[in-house]
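Now for the letters of each chain:
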Amino acid sequence: MLGSLPEIRRDPLAFLLRVSAEYGEIVHVRLGPFHVYLLNHPDDIEQVLVTNHHRFIKGRTLSGARRLFGNGLLTSDGALHARQRRLVQPVFHRVRLDEYARVMTTLGVEQRDRWRDGDTIDIAREMSRLTLMITGRILFGAEGDAVAAEIGGALESTTSLLEVAVLPFAAFTDLFPLSQVRRFRAARATLHRVIDRLIERRRRGGSEDRDVLSLLLSAQYEGTGEGMSDSQVRDEVITLLLASHETTANALAWTWYLLARHARDEARMHAEIDAVLGGGRLPLAGDVTALTFTRMVLAEAMRLYPPAWLLARVAVENHEARGYVVHAGSLVVMSPWVVHRNASYFPEPEQFDPDRWDTVGHNGRPRFSYFPFGGGSRGCMGEAFAWMEGVLLLAVVAQRWRFRLLDESLHPEMHPALTLTPISGIRVKVERRP
Ligand code: HEM
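What counts as what
Residues numbered from 1 in each chain as written. Predicted model: local features only at pLDDT ≥ 70, side-chain atom pairs only at ≥ 80, totals over all residues. Heavy atoms only, no water. Donors = N, O, S within 2.8 Å, 3.2 Å for Na, K, Ca; no water. Helix = DSSP H or I, 4+ residues; strand = E, 2+ residues; numbered from the N terminus. Pairing = 2+ DSSP bridges. Contact = heavy atoms within 4.5 Å. Axes fitted to C-alpha atoms, helices over the stretch in contact; angles between N-to-C directions. Expected span 1.5 Å × (residues − 1). Buried < 20%, exposed > 50% of the residue type's maximum accessible area, 1.4 Å probe, protein only. Arc of directions from axis to C-beta. Parallel < 35°, antiparallel > 145°, perpendicular 65-115°, else oblique. Nonpolar A, V, L, I, M, F, W, Y, C, P; charged D, E, K, R; others polar. Phe/Tyr/Trp six-rings, centres within 6.5 Å; stacked < 30°, edge-to-face > 60°. Lys NZ or Arg CZ within 6 Å of the ring centre and 35° of its normal. Near = heavy atom within 4 Å. Polar contact = N/O pair within 3.5 Å; in protein donor to acceptor, adjacent residues only side chain to side chain. 1 Å grid on protein atoms, 1.4 Å probe; cavity = no way out; pocket = protein on both sides within 12 Å on 5 of 7 lines; lining within 4 Å. Sits in = over half its atoms within 2 Å of the grid points. Salt bridge = Lys/Arg side-chain N within 4 Å of Asp/Glu carboxyl O. Core = buried A, V, L, I, M, F, W, Y, C linked by side-chain atoms within 4.5 Å.

Colleague: Would you mind showing me how to read the coordination of the iron atom of the ligand here?
Modeller: Octahedral six-donor coordination of a metal ideally yields angles of 90 or 180 degrees, compared with 109.5 degrees for tetrahedral four-donor coordination. Just one protein atom coordinates the iron atom of the ligand, and that atom is Cys 380 (SG), at 2.3 Å. Examined against the element boundaries, Cys 380 turns out to sit in the loop between α16 (359–363) and α17 (383–400).

So this is what it looks like as structure tokens:
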């Protein structure tokens, strides 16, 4: 009756690789009452995300995540989504990104100043703290630090409890032990309370702030000139908080892990950073394009450990893929985790090799052989933001520190919840660069 659900819940990543190796470009899976199609061919993924995107919605996928994000950008559909996307777009305007870069670098420096040579740290936790502080400052300005401190624990509890969050599991998560459900609800209530309070205060007091919350509160829909309701603002704020902080933190944590295992690439990245930022000056937004190899390292880390490891849609019309009919009502899933390991596009796929991303090699591959940010009308709104944050933080931290794994033989255990998280962290020793 449950189809492949028990195996998926036990180890979704292994399940995806196993069925893909066995069945290839398209796999049909039964999941309780649902028919699910896993699409592994880049052209089919492009069809769903771009060419025929109107045939698909998020619908009941992400039903677990919707309990947290409400009707924010990541989880909404149709006219509401289109309207919200237009309204929120200015948050990611080029000029604003330059301002965000300053916040990223400043907080990156504060973080790197906290470590001492020889310290043992959990680099995953440290990156999570850092990206949360950055997101807090960018969303809430001066109030950001206090808010980040207040909601940090709640965010962690809610996201770690969202099991395989993109699938329609809401019904199943109700079967979780009551203690977990209670913990999730309590954490969500904290998040709501803190953000509602901020919104209310800003609405009452007016605000001269230039942070993202002010922008959302003053944004007006085209035509009507009306603004968002308070609950819509709250949903968008929680969406931006989570979509931006956990994804980037995980991308960075895995990048440090891979660099610690690949001394040659680490040395090459250090050489680039030292050359571009001569004399140890701090990087600005304008330096990101010159930090080419650093970006290649990040790209390769997101190939092997894509933070968003599974994307899902519901077909609202019949659709054809690889000669099979995907009937309306079926689920379609696409996994960067699987496609990024396809040896046709990435020879020796388990090897960490940033050189795959030099322009020559890169150009020969189909567009959707690599899609850590999804694509099309539902593609990541923060992609440029994330690349900038990733490269700037790698540069700021690597100017001073390198990290050594405490135990080279251990591979961090992965927890594929909302994003691909190292469940017990990544313990490293902090070493000052000569
Ligand atoms: C390494 C970092 C990140 C990764 C890997 C990532 C990945 C993704 C992916 C794959 C999607 C599409 C999901 C789907 O199609 O089902 C998405 C959507 C989204 N992301 Fe990101 N993201 C990252 C960082 C960010 C940042 C920094 C922000 C905001 C500042 C952000 C905001 C969003 C939003 C708002 C959406 C929903 C877009 C929509 O549906 O219209 N993301 N992200």
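From this point on, the discussion continues.
Colleague: Looking at this structure, how should I read the sheet that holds strand β1 (residues 26–31)?
Modeller: What links the strands of a sheet is backbone hydrogen bonding, and the strands pair in either a parallel or an antiparallel sense. Judged by pairing direction, the sheet is mixed, and its five strands sit side by side in the order β1-β2-β8-β5-β3 without closing on themselves. Pairing within the sheet leaves two strands with one partner each, and these edge strands are β1 and β3 (56–57). The sheet contacts of helix α2 (residues 12–23) involve β1 and β2 (34–39), and relative to β1 the element is tilted by about 130°. Along the sheet, helix α3 (residues 42–51) contacts β2, β3, β5 (311–315) and β8 (331–334); its crossing angle with β8, the most-contacted strand, is approximately 120°.

Colleague: Quick question: what am I supposed to make of helix α13 (residues 263–276) here?
Modeller: Residues spaced three or four apart along an α-helix point in a common direction, a consequence of the helix completing one turn every 3.6 residues. For α13, spanning 14 residues, the distance from its first C-alpha to its last is 20 Å, which sits close to the expected 20 Å at 1.5 Å a residue. Within α13, the full set of buried residues consists of Asp 265, Glu 266, Met 269, His 270, Glu 272 and Ile 273. For α13, the angular spread of buried residues about the axis comes to 165°, placing them on one side. Exposed residues pointing more than 90 degrees away from the buried face of α13 are listed as Ala 263, Arg 264 and Ala 275. Structurally, α13 contributes buried residues whose contacts are with α12 (230–261), α14 (292–304), α17 and β9 (401–405).

Colleague: Honestly, the packing of α12 against α13 in this entry has me stumped. Any pointers?
Modeller: When two helices pack together, their arrangement is given by the angle between the helix axes and by the axis-to-axis distance. Interhelical geometry of α12 versus α13 gives an angle of 110° and a closest axis separation of 5 Å. Taken together, the axes of α12 and α13 are roughly perpendicular relative to one another. Between α12 and α13, the residues in contact are Trp 256, Leu 259 and Arg 261 and Ala 263, Asp 265, Glu 266 and Met 269, respectively. When grouped by side-chain class, the residues that make up the contact of α12 with α13 number four nonpolar, no polar and three charged.

Colleague: Whenever I open this one, the packing of aromatic side chains confuses me. Can you help?
Modeller: How two aromatic rings sit relative to each other is given by the distance of their centres and the angle of their planes. Per the counting criterion, the structure on display carries 10 aromatic pairs. Here Trp 254 and Tyr 305 contribute two aromatic rings whose centre-to-centre distance is 4.1 Å and whose plane-to-plane angle is 10°, an arrangement assigned as stacked. Taken together, the positions of Trp 254 in helix α12 and Tyr 305 in the loop between α14 and β5 put the pair 51 residues apart, joining distant regions of the chain. A residue is classified by how much of its surface remains accessible, and Trp 254, at 0% relative accessible area, is buried. When the centroid spacing of 4.3 Å and the interplanar angle of 50° are considered together, the rings of Trp 357 and Tyr 370 count as tilted. Taken together, the residues span a long stretch of sequence, with Trp 357 in the loop between α15 (336–339) and α16 and Tyr 370 in the loop between α16 and α17 at a distance of 13 residues. Note on Trp 357: relative accessible area 8%, which makes it buried. Members of the aromatic cluster, each reached through a chain of ring pairs, are Trp 115, Trp 256 and Phe 403. For the cation-ring pair, Arg 83 lies above Tyr 221, with the distance from its terminal atom to the ring centre recorded as 4.0 Å.

Colleague: Any chance you could explain the sheet that holds β9 here in plain terms?
Modeller: Overall, antiparallel pairing links the three strands, which are arranged β4-β12-β9 in an open sheet. At either margin of the open sheet sits one strand with a lone partner, and together these are β4 (120–122) and β9. Averaged over neighbouring strand pairs, the angle between their axes works out to 45° when direction is ignored.

Colleague: It is not clear to me how α17 should be interpreted in this structure. Could you clarify?
Modeller: In a regular helix each residue adds 1.5 Å, so 18 residues correspond to 26 Å; α17 covers 27 Å between its end C-alpha atoms and thus fits that length. Across the 18 residues of α17, 15 count as buried, placing the element largely inside the fold.

Colleague: Is there a simple way to think about the site of the ligand in this case?
Modeller: Inspection of the region around the ligand gives 25 residues, with His 81, Arg 85, Arg 313, Arg 378 and Cys 380 positioned closest. Contact distances for the ligand include 3.5 Å between a nitrogen atom and a backbone N or O atom of Ala 243. Arg 313 places a polar side-chain atom, nitrogen or oxygen, 2.7 Å from an oxygen atom of the ligand. Counting atoms within 2 Å of the grid points, the majority share of the ligand lands in the largest cavity. Broken down by secondary-structure element, the contributors of at least two residues to the shell around the ligand are α5 (78–88), α12, β5 and α17.

Colleague: Help me out: how do you make sense of the pattern of salt bridges in this one?
Modeller: Between side chains of opposite charge, pairing is possible as soon as their charged atoms come close. For the structure shown, the criterion picks out 24 salt bridges. Between Asp 44 and Arg 322 there is a salt bridge whose closest N-O contact spans 2.7 Å. Highlighted residues: Asp 44 in helix α3 and Arg 322 in the loop between β6 (319–321) and β7 (324–326), separated in sequence by 278 residues. Residue Asp 44 is classed as buried on the basis of its relative accessible area, which comes to 7%.

Colleague: What is the right way to read the side chain of Gln 232 from this model?
Modeller: Mapping Gln 232 onto the fold places it in helix α12. Classification of Gln 232 as buried rests on a relative accessible area of 10%. With sequence-adjacent residues up to four places away left out, Gln 232 is seen in contact with Asn 71, Gly 72, Leu 80, Gln 84 and Tyr 221.

Colleague: How should the nonpolar core be read in this particular structure?
Modeller: Nonpolar side chains in soluble globular proteins tend to end up buried together. Counting residues in each nonpolar core, the largest one holds 121 residues, and the members touching the most others are Trp 256 and Phe 403. The greatest single-element share of this core, amounting to 16 residues, is contributed by α12. When neighbours within four sequence positions are excluded, Trp 256 is seen to be in contact with Ile 123, Met 127, Met 269, Leu 393, Leu 394, Val 397, Ala 398 and Phe 403. By size, the runner-up hydrophobic cluster in this structure holds 16 residues, among which are Ile 26, Ile 45, Phe 56 and Val 326.

Colleague: Sorry, what's going on with unusual backbone geometry here?
Modeller: Positive phi values are uncommon outside glycine, yet Arg 322 reaches one of about 50°. Here Glu 348, not a glycine, exhibits a phi torsion of approximately 45°, which is positive. For Glu 348, the location among the structural elements is in the loop between α15 and α16. A residue is classified by how much of its surface remains accessible, and Glu 348, at 59% relative accessible area, is exposed.

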